[in-house]
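Secondary and tertiary structure notes
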Amino acid sequence: MQANAVIRDITDFIFCEDKPDTADIILIPGGGFPEIAERAAALYRAGYAPLVLPSGKYSITKGFFPGALSKAEQYDGHFQTEWAFLQSVLMQNGVPKEAILREDRATYTYQNAVFSRQAADEAGLCINRAILCCQAFHARRSLSYYRLCFPNTDFLVCPAVTKGIGRENWYLTEEGVDTVLSELSKCGSQFSDVIKASLSLKADAAAQEAGKGQHTT
């Protein structure tokens, strides 16, 4: 019984998901799974947002983009970056080229968020609400990073199931368990440095304010 409760808690934390609603843009963290771009394209066609911003160069661990990681027969071709691949999937699924923004430098999730924010700022966008289309088991980590980089934006997470790993079945296979618990671990290890850096910045800002006060007395 307690094991079921633990599984439920992990599921609710990792697999965050919202009902789609109108937004200013659809954001896609990088990757080689076309399902995330297919999901974004379906939302675009349904009128939920006028723009789509895929992100990604290639995985920092691989050093190159290997091509589609699923549905390779449907989305074949040679692509230099994850962005180029995701753009192709979007266009094959009804998103016009002019509605797709570009970010093709990121090599890991935090960079997806950082560089997507830069691309949005360079385009002069004011993003009050965004839809985040990511892999289902990647939802919590993706959402956390994008929230850090878009602090004034409300997010709706509309994920796609990849590798057959979803909230209903992840705990039924070794691959599912390893994948989800790896995400759970990364949510702790990767955000440790981010949160500590934030604390350091706040301490520096407080010290500067205190210094200004001493000079004015």
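Everything that follows concerns the structure shown earlier in this document.
All figures in this text were calculated on a predicted structure; none of them were measured in a lab.

1. A few points about the overall build of the protein
Along the protein, the regular secondary structure elements total six helices and four strands. The C-alpha atoms of the protein give a radius of gyration of 19 Å, which matches the 17 Å a tight globule of 217 residues would have. Taking the principal axes of the C-alpha coordinates as reference, the protein spans close to 70 × 50 × 35 Å. Within the span of the protein, comprising 217 residues, buried residues form 46% of the whole. Across the protein, every contact between residues at least 6 apart in sequence was considered, and the portion connecting residues at least 24 apart equals 78%. Put simply, the protein shows about 11,500 Å² of open surface, and 52% of that area lies on carbon and sulfur atoms. In the protein, 21 side chains carry a positive charge and 25 a negative one; their mean positions are 2 Å apart.

2. A short note on the packing of helix H4 (residues 109-122) against helix H5 (residues 139-149)
The geometry of a pair of packed helices is captured by two quantities: the angle between their axes and the separation between those axes. At a closest axis distance of 9 Å, the pairing of H4 and H5 adopts a crossing angle of 35°. Once H4 is placed against H5, the crossing between them reads as right-handed. Residues Thr109, Tyr110, Asn112, Ala113, Val114, Ser116 and Arg117 of H4 form the contact with H5, whose participating residues are Arg141, Ser142, Tyr145, Tyr146 and Cys149. Of the residues that constitute the contact of H4 with H5, the class distribution is six nonpolar, four polar and two charged.

3. As for a nonpolar patch on the surface
A surface patch of nonpolar side chains, amounting to about 370 Å² of accessible area, comprises Ile60, Tyr108, Tyr110 and Leu148. Structurally, the position occupied by Ile60 is in the loop between strand E2 (52-54) and helix H3 (82-92). Relative accessible area serves as the criterion here: at 53%, Ile60 is assigned to the exposed category.

4. Here's the deal with H5
Taken across its eleven residues, H5 has eight buried, putting it largely inside the fold. Along H5, the residues that are buried comprise Ala139, Arg140, Arg141, Ser142, Leu143, Tyr145, Tyr146 and Cys149.

5. Here's the deal with the environment of Asn169
Positionally, Asn169 belongs in the loop between strand E4 (154-157) and helix H6 (174-216). The spatial distance from the C-alpha of Asn169 to the C-alpha of Thr11 is 9.8 Å, given a sequence separation of 158 residues. A polar contact is formed between the side chain of Asn169 and the backbone nitrogen of Gly166, at a distance of 2.8 Å.

6. Section: the nonpolar core
Counting residues in hydrophobic clusters, the biggest one holds 28 residues, and the most contacted among them are Ile26, Ile28, Val52, Leu90, Val95, Ile131 and Cys133. If we skip the residues at most four places from it in the chain, Ile131 touches Asp21, Ala23, Ile25, Ile26, Leu27, Leu43, Tyr48, Leu156 and Cys158. Core analysis: the next-biggest nonpolar cluster, separate from the first, contains 22 residues, Leu101, Ala113, Ile127 and Tyr146 among them.

7. Digging into H4
Given a rise of 1.5 Å per residue, 14 residues ought to cover 20 Å, and the 20 Å separating the end C-alpha atoms of H4 matches this to within 8%. Restricting attention to buried positions, one finds in H4 the residues Thr109, Gln111, Asn112, Ala113, Phe115, Ser116, Ala119 and Ala120. Backbone geometry just downstream of H4 places Gly124 in the positive-phi region, at approximately 70°.

8. Some thoughts on the environment of Ala130
On the secondary structure map, Ala130 appears in strand E3 (residues 129-132). A relative accessible area of 0% places Ala130 in the buried class. Discounting chain neighbours no more than four positions away, the residues touching Ala130 are Ala23, Ile25, Leu27, Thr153, Asp154, Phe155 and Leu156.

9. A short note on the sheet that holds E3
With respect to topology, four strands assemble into an open sheet ordered E2-E1-E3-E4, the strand pairing being parallel. Of all strands in the sheet, those with a lone pairing partner are E2 and E4, marking the two edges. Averaged over neighbouring strand pairs, the angle between their axes works out to 25° when direction is ignored. In this structure, E3 lies alongside E4, joined through four bridges in parallel fashion. Its bridge partner being in E4, Ile131 is matched across the sheet by Leu156.

Rules of the game
- Positions within a chain are numbered from 1, following the residues in the order the chain's sequence is written.
- Note on the predicted model: pLDDT of at least 70 is required for a residue's local features to be given, and 80 or more for side-chain atom pairs to be given and counted; whole-chain, interface and lining totals, by contrast, use all residues.
- To get the side-chain values, take all heavy atoms of the structure and skip hydrogens and water.
- For helices the rule is a DSSP run of H or I covering at least 4 residues; for strands it is a run of E covering at least 2, with both sets numbered from the N terminus onward.
- The globule rule is 2.2 Å times the number of residues to the power 0.38, and the radius of gyration it is compared with is taken over C-alpha atoms.
- The cut-offs for exposure are 20% and 50% of the maximum accessible area for each residue type, with area from a 1.4 Å probe on protein chains only; residues under the lower value are buried, those over the upper are exposed, and the others partly exposed.
- Here a residue-residue contact requires only that any non-hydrogen atoms of the pair lie within 4.5 Å.
- Here, Shrake-Rupley sampling with a 1.4 Å probe gives the accessible areas, and only protein chains in the shown set may cover a residue.
- Counted charges follow a simple rule, with Lys and Arg positive, Asp and Glu negative, and His plus the chain ends left uncounted.
- Taken as the charge centre is NZ of Lys, CZ of Arg, CG of Asp or CD of Glu, depending on the residue.
- Fitted lines through C-alpha atoms give the axes, limited to the stretch in contact for helices. The angle between two N-to-C directions lies from 0 to 180 degrees.
- Here a crossing is taken to be left-handed if its near helix is turned anticlockwise relative to the far helix by less than a right angle, and right-handed if that turn runs clockwise.
- Any residue that is not Ala, Val, Leu, Ile, Met, Phe, Trp, Tyr, Cys, Pro, Asp, Glu, Lys or Arg is counted as polar, Gly included; the first ten are nonpolar and the last four charged.
- Residues enter patches when their relative accessible area tops 30% and they take part in no salt bridge; the joining distance is 9 Å for like charges and 5 Å for the nonpolar side chains Val, Leu, Ile, Met, Phe, Trp and Tyr.
- The term salt bridge refers to a side-chain nitrogen of Lys or Arg lying within 4 Å of a carboxyl oxygen of Asp or Glu.
- The term polar contact refers here to a pair of N or O atoms within 3.5 Å; inside protein, the definition further demands a hydrogen-donor-capable atom paired with an acceptor-capable atom, and it admits residues adjacent in sequence only when both atoms are side-chain atoms.
- In plain words, nonpolar cores are sets of buried Ala, Val, Leu, Ile, Met, Phe, Trp, Tyr and Cys residues tied together by side-chain atoms within 4.5 Å.
- Here the expected span of a helix is defined as 1.5 Å times the quantity of residues minus one.
- Between any two strands, at least two bridges found by DSSP are needed for them to pair.

Note that all results are geometric; they support no functional claim without further evidence.
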